[in-house]
Every structure is written in C-alpha cells, then in structure tokens.
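Residues per chain are reported as follows:
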Amino acid sequence: MSRRPAPRSADPAPPRLPLDDGPVRPSFDRERRAHRRGLWPVAGCDEAGRGPLAGPVVAAAVILDPKRIPRGLDDSKKLTAERRAVLFERICAVAEVGVAMASPGRIDRDNIRQASLWALARAVKALPLVPRLVFVDGCDRIDAGCDCEAVVSGDALVLSIAAASIVAKVTRDRLMEQVGAAFPGYGFERHMGYGVPEHQRALAALGATPHHRRSFAPVRAVCADGMAAAPAGVDPAGVDPAGVDPRRIAS
C-alpha cells in the first residue's frame, strides 16, 4: 500500500522586528507632575555656544504657560533656522523668558563649564517670576535659588528645556550675526564662531578678535598675548550679560 508523502511544512515566518517607536519628542509631563505636587512656577533652562572658538555662551530660562504652549517645540538642534525663528517669537509672546550671557573673558577666566553654569543661574534670576523648580539640561545642577533637577538630554525630553534651547540658540545666532557685521572676513554670521575650516583659515590669516576665546587651543596658538582677554563681566559685544531681553538682541 502506497502512501503519499506528508505535506512539507511551510518555512517558519521570520521573526518580527520591533516596531519603530518614532522620534523622541519633549513633553510637558515633568512640569505637570511638579504642578500636582504644588511646585509652580516651573522653569526649564539650557545654553547655546559651549563649543565655538568665539562669542559668548548664551543661556535661557523659560516658564511656559500650560494654557498657551506653542506647538512644535523641540530640541533646537532638530529644527531649521527658519522654524526656530518662528518658535522664538511665539515663546517670547506667551512665556516668561530670562536670558544671560557669559563673555569670552569669563570663559577664559573660569573655564567653559563653570561659565556655562554661571550663565544658566543668571538666566533663571533674570526671569520675571521666581520659579519653585528648575529643570536644567545636562548632568549638572545650578545655583537657581530653588529646587533644581538636571536632566540628561533634557532639550529632547522636557518641553520647558526645549523652549529654552530655542531661545538661547536664536539669541546667540543673532548676536553672532552682529559680530560678523562688526568683524568682516571671519564669517561669524555663517558659522556662529564654531571652528569650521573657514573660521580656522580666517583666524590664521587675520588673528584673534576680542570675541575669541583665548583659552581654546586653536585661538591660543595664534595669539601672541596668550591668555589676554576682555575683563571679566564685560561682554565684547557691548551687551550687559546680567540679563538680556532676547527681543532687544533680535532688534
């Protein structure tokens, strides 16, 4: 008696790949939880300009109104310059904003990390309202005069920090455009002081300006006067670093 061969089992299905959760977007969850604990106002703060060879570090602090949060807030690095400019205006229109700067002189004197933390603390003190809790981007807490929580990658996770990152970035970029107009030939209005090849070539050919950070190796290498810098607390751009209305910088 003949038997038909057993049907061949189908090949097992390939394992399913995990679904893409999509890009991480900042949320207002931390601020809401703080509000429920009775902590309000809550500010987020961030800085722009730690890496460049020239220009100040600009720090911003933002208290968002829960009822008027601009749509589209995100880490400033993920946004186009045009989108940042639009959101900058919306943030300044509906939120409480404080801005402060650490000059190249302070950076050279104190080092970039300490100057950045100083500017962040000054930005919080420049707010029109006194916050009860501050979220700061990074791993270092600041002397905010209230509770402070450091959030690594906070500009990608916390909406208030994302708003602050936009304000800091736009304010600094506009300031560097002014520096570019005052010191033609360096291209500050294009590279914002970062050490791109265009900037390195200009630095070698033209030397350092008062806006350069002489403690940074590429600048120090071309400076005959070594660590000479602007006096601490005086910003070479002629702007008081204590607390700046970003709309005044933008004008």
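Criteria and cut-off values
- Residues numbered from 1 in each chain as written.
- Predicted model: local features only at pLDDT ≥ 70, side-chain atom pairs only at ≥ 80, totals over all residues.
- Heavy atoms only, no water.
- Helix = DSSP H or I, 4+ residues; strand = E, 2+ residues; numbered from the N terminus.
- Buried < 20%, exposed > 50% of the residue type's maximum accessible area, 1.4 Å probe, protein only.
- Contact = heavy atoms within 4.5 Å.
- Areas by Shrake-Rupley, 256 points an atom, 1.4 Å probe, with all protein chains shown as cover.
- Pairing = 2+ DSSP bridges.
- Salt bridge = Lys/Arg side-chain N within 4 Å of Asp/Glu carboxyl O.
- pLDDT = per-residue confidence, 0-100.
- Axes fitted to C-alpha atoms, helices over the stretch in contact; angles between N-to-C directions.
- Polar contact = N/O pair within 3.5 Å; in protein donor to acceptor, adjacent residues only side chain to side chain.
- Phe/Tyr/Trp six-rings, centres within 6.5 Å; stacked < 30°, edge-to-face > 60°.
- Lys NZ or Arg CZ within 6 Å of the ring centre and 35° of its normal.

Colleague: Describe in detail the overall build of the protein, supporting the description with residues and values.
Modeller: What the protein contains, in helices and strands, is 9 helices and 5 strands. The helix and strand sequence of the protein, counted from the amino end, reads α-β-β-α-β-α-α-β-β-α-α-α-α-α. Within the protein, the fraction of its 251 residues that count as buried is 47%. Sequence-distant contacts in the protein: of pairs separated by 6 or more residues, those separated by 24 or more amount to 66%. As presented, the protein carries roughly 13,000 Å² of accessible surface, and 53% of it is formed by carbon and sulfur atoms.

Colleague: Now, about the pairing of strand S3 (residues 96–102): what can you tell me, with residues and values included?
Modeller: Counting buried positions along S3 gives 6 out of 7 residues, so the element sits mostly inside the fold. Two strands pair when backbone bridges link them, and strand S2 (residues 57–63) and S3 are joined in this way by 7 bridges, in the antiparallel orientation. Within the sheet, the bridge partner assigned to Val 57 lies in S3 and is Ala 102.

Colleague: Could you give an account of the pattern of salt bridges, with specific residues and numbers?
Modeller: For the coordinates displayed, the defined rule picks out 13 salt bridges. Here Arg 32 ties to Asp 29 by a salt bridge, and the two come within 3.8 Å at their closest N and O atoms. With a gap of 3 residues between them, Arg 32 and Asp 29 both fall in helix H1 (residues 29–36), about one helical turn apart. The class of Arg 32 is partly exposed, set by a relative accessible area of 43%. Residue class for Asp 29 comes out partly exposed when judged on its relative accessible area of 40%. Here Arg 113 makes a salt bridge to Asp 140, at a shortest N to O gap of 3.1 Å. Of this pair, Arg 113 sits in helix H4 (residues 112–125) while Asp 140 is found in the loop between strand S4 (133–137) and strand S5 (147–151), placing the two residues 27 residues apart along the sequence.

Colleague: Give a detailed account of the pairing of S4, specifying residues and quantitative values.
Modeller: Of all the 5 residues making up S4, 5 are buried; the element is thus mostly covered by neighbouring parts of the structure. Of the two faces of S4, both are covered, the one formed by Leu 133, Phe 135 and Asp 137 as well as the one formed by Val 134 and Val 136. As paired elements, strand S1 (residues 42–48) and S4 share 4 bridges and run parallel to each other. Across the sheet, the residue bridging to Gly 44 is Phe 135, located in S4. Alignment of S4 against S5, held across 5 bridges, turns out to be parallel. The residue bridging Val 136 from the neighbouring strand is Ala 150, located in S5.

Colleague: I'd love a proper account of the confidence of the model for the protein, names of residues and values included.
Modeller: Looking at the protein, the pLDDT average stands at 87 and 80% of residues meet or exceed 70. A low-confidence stretch, residues 225–244 (pLDDT under 50), is modelled with 40 contacts involving residues beyond four sequence positions or located in other chains. Every residue in residues 247–251 scores below 50 in pLDDT, and together they form 11 contacts with partners more than four places removed in sequence or on other chains.

Colleague: Tell me about the sheet that holds S1, residues and numbers included.
Modeller: In space, the 5 strands of this open sheet follow the order S3-S2-S1-S4-S5, with mixed pairing throughout. Edge positions in the sheet fall to S3 and S5, since each has one partner strand and no second. Within the sheet, the average angular offset between the axes of one strand and its neighbour, ignoring direction, is 20°. Sheet topology places S1 next to S2; 5 bridges connect them, and they run antiparallel. Bridge pairing in S2 places Cys 45 opposite Ala 61. Its contacts with the sheet place H1 against S1, S4 and S5, and it is angled at close to 160° to S4.

Colleague: So what's going on with the environment of Asp 137? Residues and values would help.
Modeller: For Asp 137, the position within the fold is in strand S4. The buried category is assigned to Asp 137, whose relative accessible area is 18%. When the C-alpha atoms of Asp 137 and Ala 156 are compared, they prove to be 9.2 Å apart, with 19 residues separating the residues in sequence. Those residues in contact with Asp 137 that lie beyond four places of it in its chain are Cys 45, Asp 46, Val 151, Ser 153, Gly 154, Asp 155 and Ile 161. A polar side-chain atom of Asp 137 sits 2.7 Å from the main-chain amide nitrogen of Gly 154.

Colleague: Tell me about the packing of aromatic side chains, and name the residues and values.
Modeller: Considering all chains together, one arrives at 2 aromatic pairs under this definition. On the basis of an interplanar angle of 70° and a centroid distance of 6.4 Å, the ring pair of Phe 28 and Trp 40 is categorised as edge-to-face. Of this pair, Phe 28 sits in the segment before H1 while Trp 40 sits in the loop between H1 and S1, placing them 12 residues apart in sequence. The exposure class assigned to Trp 40 is partly exposed, which follows from its relative accessible area of 24%. Across from the ring centre of Trp 118, 3.7 Å away, lies the NZ or CZ of Arg 106, which sits over that ring.

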